[in-house]
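Take a look at the letters that make up each chain.
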Amino acid sequence: MKASALALLFIAQLVADVDSFGIKSSQFTRNTQLRATNGESDKKRVVVIGNGMVGQRFMENLIDLDTDKKCVISTFCEEPRAAYNRVKLTSYFETRNPSALSMTSEFDDEGRTPWYEENNVELFLNDKVVSVDTKSKTVTGASGKTIDYDVAVFATGSFPFVPPIPGKQRPGVFVYRTIEDLEAMLAYVKENNVKSAAVIGGGLLGLEAAKAVADMKVESHIIEFAPILMCRQIDQGGHDALVGKIEEMGLKVHCGARTESFVGENGSTDMEDMSPVSALRFSNEDWDDLEVQMVVVSAGIKPRDELARGTDIAVGERGGIVVDEQLKTSVDGTYAIGEIALYNNFIYGLIAPGYDMAGVCSKVVAQEELGYDLGLKETPAFTGADLSTKLKLLGCDVASFGENQPNPDDQDVSNLVWNDPIGGIYRKLIFNKAGTRLRGGILVGDASDYSKLHKLAVQGGELPENPAMLLAPASARGDVKEEELSEDPNAQICSCNDVTRGQIADTIKELGVDRASLKEVKTCSKAGTGCGGCEPDVKLILKQELEKLGGSLSNHLCEHFPLSRPELMALVRTDADPTSVDSFEKILHKHGHGDGCEICKPAVASILASTYNGVILDEGRDALQDTNDRSLANMQRGGSYSVVPRVPGGEITPEQLIQMGKTAKKYNLYSKITGAQRIDFFGASKYQLPDIWEELGSVGLESGHAYGKALRTVKSCVGSTWCRFGVQDSVGFAIRVENRYKGVRSPHKMKSAVSGCVRECAEAQGKDFGMIATENGYNLYVGGNGGVNPVHAQLLATDIDEDTVIKYLDRYIMYYILTADRLERTAPWQAKLPSGKNGGGPIEHLKEVIIEDSLGICEELDRRMQYLVDTYHDEWAEVVKDPARRAKFKQFVNTDEVQTREEMIEFIDQRGQVRPTDWASDGQPQTNWKPDTIDVFSRSEKSWVNVGKTSDFAPNVGSAILYGDTQLAVFNNAQRGEWYCTQNMCPHKQAFVLSQGIIGGTADGIAKVACPLHKKQFGLADGKQLDGDLALITFPVKIEGDDVLVELPSQIEVDAILGTSGLRVQSSCNGMDISGTDLESEILNGVRNTTLTVV
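Presented here is an overview of the structure given in this document.

Reading the values: the criteria
- Each chain has its residues counted from 1, following the order in which its sequence is written.
- Where local features are concerned, this predicted model is filtered to residues with pLDDT of at least 70; where side-chain atom pairs are given and counted, the filter is 80 or more; whole-chain, interface and lining totals use all residues.
- Working from all heavy atoms in the structure, the side-chain values ignore hydrogens and water.
- Salt bridges are defined by distance alone: a side-chain nitrogen of Lys or Arg within 4 Å of a carboxyl oxygen of Asp or Glu.
- Numbering goes from the N terminus for both helices and strands, where a helix is a DSSP run of H or I of at least four residues and a strand is a run of E of at least two.
- The cut-offs for exposure are 20% and 50% of the maximum accessible area for each residue type, with area from a 1.4 Å probe on protein chains only; residues under the lower value are buried, those over the upper are exposed, and the others partly exposed.
- As used in this structure description, the phrase polar contact means that two N or O atoms lie within 3.5 Å; if the pair is within protein, one of them must be able to donate a hydrogen and the other to accept it, and residues adjacent in sequence are counted only when both atoms belong to side chains.
- The contact definition used throughout considers only heavy atoms, calling two residues in contact when any of these lie within 4.5 Å.
- Here the rule is simple: two strands pair whenever DSSP picks up at least two bridges between them.
- Note on geometry: axes are lines fitted to C-alpha atoms, helical ones only across the stretch in contact, with angles between N-to-C directions running from 0 to 180 degrees.
- Throughout this description, any angle smaller than 35 degrees is read as roughly parallel, any larger than 145 degrees as roughly antiparallel, any in the 65 to 115 degree range as roughly perpendicular, and the remainder as oblique.
- In this scheme the handedness of a crossing depends on how the near helix is turned from the far one: anticlockwise by less than a right angle means left-handed, clockwise means right-handed.
- Under the convention adopted here, Pro, Cys and the residues Ala, Val, Leu, Ile, Met, Phe, Trp and Tyr are nonpolar, Asp, Glu, Lys and Arg are charged, and Gly plus all remaining residues are polar.

This part is about the pattern of salt bridges. Pairing is possible between side chains that carry opposite charge, provided their charged atoms lie close to one another. Taken as a whole, this structure holds 62 salt bridges when the rule is applied. One salt-bridge network, held together by shared partners, links Asp618, Glu878, Lys881, Asp882 and Arg885.

Below is the structure:
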């Protein structure tokens, strides 16, 4: 055991001893703060019971109002971390990082954020309030801590309602409420190989839970008692449209379900047996059991009013603390807000009413309890809330507003309905009988004009002469422009936080042109920090207000280029002297400043490839390439790579299949057929790639460019050559199209497809460009994509022959390359284009530019595309035949030794193949690695070690060296004339990849490297993470003649800390115990002048 480890063990034991005496270690480290606060006896103490979203908002509001610091605030939080955004709980799967949901800022290791200490708020984490004594005015937590209060605010929220279904006690039955619930589900899914799960409840929370289950890659069944989903928000028509969208995603919907029991694996159906759940049983006639291995109950909420029930605070018959318009309870000095508050016999379960309550309550407390004169004309009052809502559920717009379900006896009703089952859009607008007033509505599938309709229904306003004009969705009207926002400063933009346009505008003015970024505006105004649905509106207001102030919303590529990508592309392509802009260094010198970074370097690399089309690894261009392009392969978990040969149109020969099989077997590669009609091979080491591609190239297989922002595939059905319905040779045309555009670099990846008839088996209308065969030729569609936000392609031309298709595609693709932003797919690029001269939206503009040559640029577009086609080269063939290029794939520059993939991460069996073991979640062992101290080798004897010649290290990139068992990264920053050496392991996921990262500089001159896996940035000089709290160990470098020398401790010392074998990611993290071994003695003997004193 290392000496520092002994010290840590002693400290850990001390903390354990402290805890054993009933003192929380977190309190042990914060006594000073607590004593100072407890000593402020002249101030009133406000205790907030519950640290959820509403309780947090109340505290923020009260702090803003308490300008004279008349109170101190304490809050109890029963969860292991401070307030976070439950509304966005499903987004947790995107990062698995709780800080991404924080209501204030990053969580530290204890679950706290700096906000509480900065605002003198006492936060008691992991401490659930167990009793409130309204007579003595005290609150007691589960820890045993009791504190006095002058004002108590109940913000305990609600808990999930679990119906009394037999079997609810079983392992595998969960509720959906907290981050811990999600983590418990994830663990259960993994440990029990869950394939199918049921979500009980088809309301808002139920659908969110169903998405969470689907995000776990588990088949999701939605079980709803009512005959339709979301019965409080939508009707049968809305249900039908929503179900269509949900089932397209692979989820199953069961409405009208009468769940009788959760059946155990042993067949039991009682309330005591603890056999894991295996099925749902229904009382519906002729319904079979539904086999599932997990159940998530999300069937509604119940107010957490148990604390009040033990006091003289009035509680509603069906739950909830009774409050008046000022949110006061029946006991003086106590208030209730959020889902615990029962106002007018109603519990409000949405966040927007909760924030309204927090606002009213904070003003009442400030005026009546703290004695402030707020200058208000009327007493603050909560009189109910607008329950209109707009959500994105399972990728589908769902909105309801106003009176969306009038009473059946209401005679003053006239409905207009738009029902498009093909497009999955349902809209119902409810007017008065005379058609002069919009009363409410339901929008499913397209709610782009929700703000306009909501305002008309809730605030009133003049309707069009023909109200039916409001019914059609924007997509049907061909209107793809952003909805016009009201200029009214009182117009509500953010319903979650009740933020108006005027308040956002005031925030922007206060921040000023230089400071007003989207992030700052959201932080300061709170707009966009709830559900996030209004963020596009906030961004648009920011753009408009900055223009009024003489500024503009920055579209700069990065801090090194005060230009957007289209602007930079225009400057490069129109330069009178092309030789002055044919490299990154020249372009940076002419149009930018500084060193460049991980954003601008790949963007400029793409511009150079689209303009000059040189080999991307030559003449220093490899230093510009992003993670995958530099290796001509996609980097996978653990630092291994995938190999994806091109299979044009999906057509492949037996000889090519045989060679693929031989190569995959030889290198033990995981093999998988893709959805794009080709074969992926995973698990190759970088040093193996040239040999692999040499073998594949022997049968004519070329690079599939799966690693590049380029054309990926042109999918096809078999067409007229085989299919009895086919009307054109879709395979032959797909091959022609793919071979024409292969290798063409673009702002983002491109996908295409050719269908041989209108049955559309190749799904051409979901691609960046797609062709559907007709009797007379092809219909050409452009601007579609799948992914997170699917977009249907639009029809550009009909019944055109193959040559005309190619001509129009040449122009479309090149127009996209020249004018799109960095990493912008064709769909959003196309949506931003201007409308045609006679209306009709961007598609009409494209017809005018591409077919009619309205801008007079078709000749240039044709010429540029033909140049790219004529200069095509198979990038892997260029590497295989050139020893200098092959040398770029050597693992270590200072030795021919290699460390295999298995030495860096454990590979495990999966259905007869191998794959890298799963990464641990952030914060778990084998993640976020940190040395005992950043200067861990400060007392070690060091020597200068020759690691190679300067010519061995390519300029402006990193190169890996092997020192004993340790991988180090040496960075030759030729642009600055500087050299650096760090560990090669990124501490985030313990992957040995840092030498493959892009190096650059910050605005203030710090040299940095961006990890190729997750873009975490580290300073090269000191190793400190620039966007977090991790760090690298660094080593001095010097150049003597042509020799590169690194100052290093002995190999055994470095290996003890950074050795690959000790840091290898494994499926079980048991560490290496060297206590009592010769290795321990050697390490301790190697550390000089070190004294350990244990008191």
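As for its position among the elements, Arg646 is in the loop between β29 (641-643) and α21 (654-666). The exposure class of Arg646 is buried, given its relative accessible area of 3%. A polar contact is formed between the side chain of Arg646 and the backbone oxygen of Ser703, at a distance of 3.4 Å. Within the local environment of Arg646, its side chain forms a polar contact with the backbone oxygen of Gly704, the two atoms lying 3.3 Å apart. If sequence neighbours within four positions are ignored, Arg646 has contacts with Leu701, Glu702, Ser703, Gly704, His705, Leu711, Arg712, Glu738, Lys742 and Gly743.

Here we come to the sheet that holds strand β26 (residues 438-444). Taken together, five strands build an open sheet; the order of strands is β22-β23-β26-β25-β24 and the sheet is antiparallel. Only two strands of the sheet have a single partner each, and these edge strands are β22 (389-393) and β24 (414-420). Neighbour-to-neighbour, the strand axes of this sheet turn through a mean angle of 10°, independent of strand direction. Inspection of the sheet shows β24 paired to strand β25 (residues 425-431) by seven bridges, in the antiparallel sense. Bridge pairing in β25 links Val417 to Lys428. Packed on one face of the sheet, helix α12 (residues 450-458) meets β22, β23 (396-402), β25 and β26 and runs near 155° to β26.

Below, the discussion takes up the packing of helix α17 (residues 565-573) against helix α19 (residues 600-611). Put simply, α17 and α19 touch, their axes get as near as 11 Å, and they point 40° apart. Classified by the interaxial angle, the pair formed by α17 and α19 is oblique. Remark: the crossing between α17 and α19 carries right-handed chirality. Seen from α17, the contacting residues are Arg565, Leu568, Met569 and Val572; seen from α19, they are Val604, Ser606, Ile607, Ser610 and Thr611. Along the lines of polarity and charge, the residues of the contact of α17 with α19 split into five nonpolar, three polar and one charged.

With that settled, consider unusual backbone geometry. One non-glycine residue with positive phi stands out, namely Asn344, at about 55°. In the Ramachandran plot, Lys1015 falls in the positive-phi region, its phi being about 60° despite a non-glycine side chain. Mapping Lys1015 onto the fold places it in the loop between β46 (1007-1010) and β47 (1017-1019).

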